[in-house]
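Here's the letter readout for the chains.
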Amino acid sequence: MALEAGLIAIGAGIAVGLAGLGAGIAEGPVGAAAVGAMAENEKLFGKGLVLMVIPETIVIFGLVMAILLWLNM
Amino acid sequence: MLLPEQMAKVLIVGSKDRLERTVDLLYESRVVHLVDFPPDKEGFTLGSPLPIASKTSERLLRLRAIEKDLDIKEPKVPEPLSAERIRKEIDAAIISLDSEILDVIGSKAKLEERLSELDQQKRDLQPLASLPLDLELYRDFRSLTVFVGHVRTDPSGVLQESLDQFEALTAQDGKLIAVFVQRSEANEAQRILMQYGFSEVSVPQGTGKPAEILNEIQKEESILRKSYEEVQVTLGRLREKHAAFVLASDEELGIEVEKAEMPLRAGATVHSFVIDAWVPGKNLDKLKEDFNAKLGDGVYIELLEVKNRKDAEEDAEEIGPEDVPTKASNPRPLNLFNHLVELVSTPRYNEIDPTSVISIFFPIFFGLMVGDVGYGIPFVILGFLGLRKCKSDEWRTISTALFFGGIFTLIFGFIFFGEALGMHFAPSPYGELTWSSLLGIELPHSIDLGLFSIPIGMFSKLHDVKILLYISVWIGIVHLFTAFGLGFANVAMRRGLKHAFLEKFTWILILTGGVFLLLLMVDALILGKPLIMTDLRMLAGAGLVIVGMAIGLKGEGAKVILELPGLMSNVVSYTRLTAIGMSKAGLALAFNSISIEMIAPGGGIMIVMAILVFIVGHLMIFILAIISAGLQGIRLQYVEFFMKFYEGGGSKFNPLMIRRKYTTEV
């Protein structure tokens, strides 16, 4: 049982960790470009924010998976 | 409330002798959004500025020069002056100001010039002061060459060896040298000096000992500095005395110039003018009455059309978008959220203004994510102070979000989660630290009010994750249904029910089907019931999804298939409402237990440290709460919500009006 719980915990960790990494990799360039665009035209803040947070859903998927795993511990 | 105000396009026509009063009246009415008159319209020219324009501009120019001389920077706003008084006094005031300032500015400039001259002389003489020679002794020799300059080390020894005759004087530190050699040996001497890193110092004109001259200069300089300071003080006094008037006149003249140049945006013939404008439909009658009362029948306002939302769409499709300005028609408190929508884009004239909808959803989301009485109270206070004090749109928006978000944080924190600073009020069945265990009194689980009771804490953020996830998905579904509903209304208004049915109703069907499937999945995945393919929910859900997709394929084409997974991820995306609450609860739990454990063993310094950990920790969570809950709450509106129906790209209603800061008009 202890082994099983440990494996589940590791799995949950990987799920949320890698998903976070992926979201970060996706979000970085978008954020940089958004800041660049905003420097030219401040009105683009809203659009920049929207585009930037789109990849963020990836990490939520990871988190949900992690929570579902954790609930089975 | 949901739609921007209805706009009417009007044509204002009159004879030129009434133009000035028309302009005044237009600015006073504050409801006229001017449209630039097309420059190439046959039979018309563009209007020319009112006659006072050039004279006023000239005055403004002189005033700005005075402003610069006096170095008036935006101070705290002085008591506003009456515009009437300024108009009366401005001409005389500019002349008297000019003469009053002219002398001071003139002597200031003279002093500055002389001071910089002296500074230059000082810099020239400074190096020579360490040599004991008069200035005239450096020049006018027939048979000698003089080298004066800096060297790295004293070259006297080498000079001695190579030259027949020379005289060298060095300063005390040995770095400055004056060498007198015969003309014939000048080249040799220069070569040697170069090896010692010689760099020449030019000897200024004049006679006498440099040190004495320097002394004189310093004396003069200190006298000049004194008078310079006096001039500065005088200027400061003048600035103080006139700042309010100058700023007010600047504003008043600026306004006059703006008004005088307004006819440039109108059309004109030899004897008449034509102004194109948008006016909110409900203000039109009042505007007509005002014009009639003040200008009689000399100016005529013709209503061209009241723009209907559907026509606006047809026009946009046929001749490109005509900018009907958008004037939000929200009641005042909702207006505070307007900037949140503007951040993305101004709503179009023929689309639903989502301000009122997000002003409901955003605070609820924010409150759910934070859900803690201990953070809710400071949120409300900060937001309230911000709304009282802040002027800029950005800060007002943030304050609005904090205030209303804070109210919902309080409500959810009390009823839903029953906790403050990460600790529940009532005793916990999981044996956690609670306010009850901390204070040693038993706080109740609910407040009984006879007919009904208000629960204090229905869920624990860390222990009831399953149900909270489930709730957040349902909130997401409600949000998405609202979005599709608004989208349906938008399309129906613009292009009729048929289009709305094909484009948006499909998604309502698919989402409904998805809801049935979700119910089934929750049973199977979380409650562990067996998955039966012939379950009613399965059949209904799958059926609705397929029917929706079929209609969608007909209406919108294959992109429906591509967007289907997107809808699923949208729904899952709302689980962040729970996730963020969880993360905050986790952090708070960690800080609370650290500080309690620090207090437990020994008193003294540890108690102080524990309190420090507690304060710093919760401050951190508090700031994180603003950033994460605020940003995520807004994101759910912008991405999941707006993308279902919102187009934006309208132009904002920007009526002719005067904004005064330093002046008042009675």
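Computed from a predicted structure; not experimentally measured.

A.B. asks: Help me get a handle on helix H12 (residues 373-389) of chain B, residues and values and all.
C.D. replies: Residue and element names in this part refer to chain B. With 17 residues, H12 should reach 24 Å at 1.5 Å per residue; the first-to-last C-alpha distance of 24 Å fits that figure. Residues Val373, Tyr375, Gly376, Phe379, Val380, Gly383, Gly386 and Leu387 constitute the buried set of H12. Seen along its axis, H12 keeps its buried residues to an arc of 145°; they face one direction. In H12, the exposed positions that point more than 90 degrees away from the buried face belong to Arg388 and Lys389. Those residues of H12 hidden inside the fold are in contact with helix H11 (355-370), helix H13 (393-416), strand E13 (419-420), helix H19 (576-599) and helix H20 (605-641). Two or three places before Gly374, at the opening of H12, Asp372 has a side-chain oxygen 2.8 Å from that residue's backbone nitrogen.

A.B. asks: Describe in detail the packing of helix H2 (residues 45-53) of chain A against H20(B), supporting the description with residues and values.
C.D. replies: H20(B) packs onto H2(A) with a crossing angle of 90° between their chain directions and a minimal axis gap of 9 Å. In terms of orientation, H2(A) lies roughly perpendicular with respect to H20(B). Contacts between H2(A) and H20(B) involve A:Gly46, A:Leu49, A:Val50 and A:Val53 from the former and B:Ile634, B:Arg635, B:Tyr638 and B:Val639 from the latter. The residue inventory of the contact of H2(A) with H20(B), partitioned by class, reads 6 nonpolar, 1 polar and 1 charged.

A.B. asks: Kindly report on the environment of A:Gly20, identifying the contributing residues and their values.
C.D. replies: Among the secondary structure elements, A:Gly20 is positioned in helix H1 (residues 2-40). Since its relative accessible area comes to 27%, A:Gly20 is described here as partly exposed.

A.B. asks: Explain the interface of chain B and chain A to me, and be specific about the residues and the numbers.
C.D. replies: Frequently, the measure chosen for interface size is the accessible area that the parts lose on association. Counting from both sides, the interface comprises 21 residues of chain B and, opposite them, 18 residues of chain A. When chain B packs against chain A, the two sides together hide about 1,600 Å² of surface, and 78% of this comes from carbon and sulfur. With a shortest N-O distance of 3.0 Å, B:Arg576 and A:Glu56 are connected by a salt bridge. Across the chain B-chain A interface, the total number found is 4 residue pairs in polar contact (both at pLDDT 80 or more). Elements that contribute at least two residues to the side of chain B that touches chain A include exactly helix H10 (338-344), helix H15 (465-495), helix H18 (559-573), H19 and H20 of chain B. Taken together, the residues of the side of chain B that touches chain A break down into 13 nonpolar, 4 polar and 4 charged.

A.B. asks: Now, about helix H3 (residues 83-125) of chain B: what can you tell me, with residues and values included?
C.D. replies: Maximal helix bending in H3(B) amounts to about 60°, located at B:Glu89. Where H3(B) begins, the side chain of B:Ser82 points an oxygen toward the backbone nitrogen of B:Glu84, at a separation of 3.3 Å.

A.B. asks: How would you explain the sheet that holds strand E7 (residues 176-182) of chain B if you had to name every residue and give the values?
C.D. replies: Residue and element names in this part refer to chain B. Within the open sheet, the 4 strands sit side by side as E6-E7-E5-E8. Their pairing is antiparallel. Where the open sheet ends on each side, the last strands, each with one partner, are strand E6 (166-170) and strand E8 (199-200). When E6 meets E7, the two strands line up antiparallel, connected through 5 bridges. Its bridge partner lying in E7, Glu167 is registered against Phe180. Lying over the sheet, helix H5 (residues 186-195) contacts strand E5 (144-150) and E7, oriented at roughly 10° with respect to E5.

A.B. asks: Got a sec to walk through the pairing of E5(B)? Specific residues and values, please.
C.D. replies: Residue and element names in this part refer to chain B. Relative to E7, E5 runs antiparallel, the two sharing 7 bridges. Bridge pairing in E7 links Val148 to Ala178. Pairing between E5 and E8: 2 bridges, direction antiparallel. Bridged to Gly149 within E8 is Glu200.

A.B. asks: Help me get a handle on the pattern of salt bridges, residues and values and all.
C.D. replies: Using the criterion set out here, one finds 31 salt bridges over all chains in the structure. B:Lys241 serves as the salt-bridge partner of B:Glu100, at 3.2 Å between the closest nitrogen and oxygen. In this pair, B:Glu100 sits in helix H3 while B:Lys241 sits in helix H6 (residues 210-261), placing the two residues 141 residues apart along the sequence. Here B:Arg660 ties to B:Glu252 by a salt bridge, and the two come within 2.9 Å at their closest N and O atoms. Of the two residues, B:Arg660 is situated in the loop between strand E17 (651-652) and strand E18 (663-664) and B:Glu252 in helix H6; the sequence distance between them amounts to 408 residues. In the salt-bridge network here, residues are joined through shared partners; they are A:Glu56, B:Arg576, B:Arg635 and B:Glu640.

Here is what the cut-offs are and how they apply
- Residues numbered from 1 in each chain as written.
- Chains lettered and ligands numbered in written order.
- Predicted model: local features only at pLDDT ≥ 70, side-chain atom pairs only at ≥ 80, totals over all residues.
- Heavy atoms only, no water.
- Helix = DSSP H or I, 4+ residues; strand = E, 2+ residues; numbered from the N terminus.
- Expected span 1.5 Å × (residues − 1).
- Buried < 20%, exposed > 50% of the residue type's maximum accessible area, 1.4 Å probe, protein only.
- Arc of directions from axis to C-beta.
- Contact = heavy atoms within 4.5 Å.
- Polar contact = N/O pair within 3.5 Å; in protein donor to acceptor, adjacent residues only side chain to side chain.
- Axes fitted to C-alpha atoms, helices over the stretch in contact; angles between N-to-C directions.
- Parallel < 35°, antiparallel > 145°, perpendicular 65-115°, else oblique.
- Nonpolar A, V, L, I, M, F, W, Y, C, P; charged D, E, K, R; others polar.
- Buried area = accessible area lost by both parts, 1.4 Å probe.
- Salt bridge = Lys/Arg side-chain N within 4 Å of Asp/Glu carboxyl O.
- Bend = angle between axes of the 7 residues up to and from the residue.
- Pairing = 2+ DSSP bridges.

What is shown is where atoms sit, not what they do.
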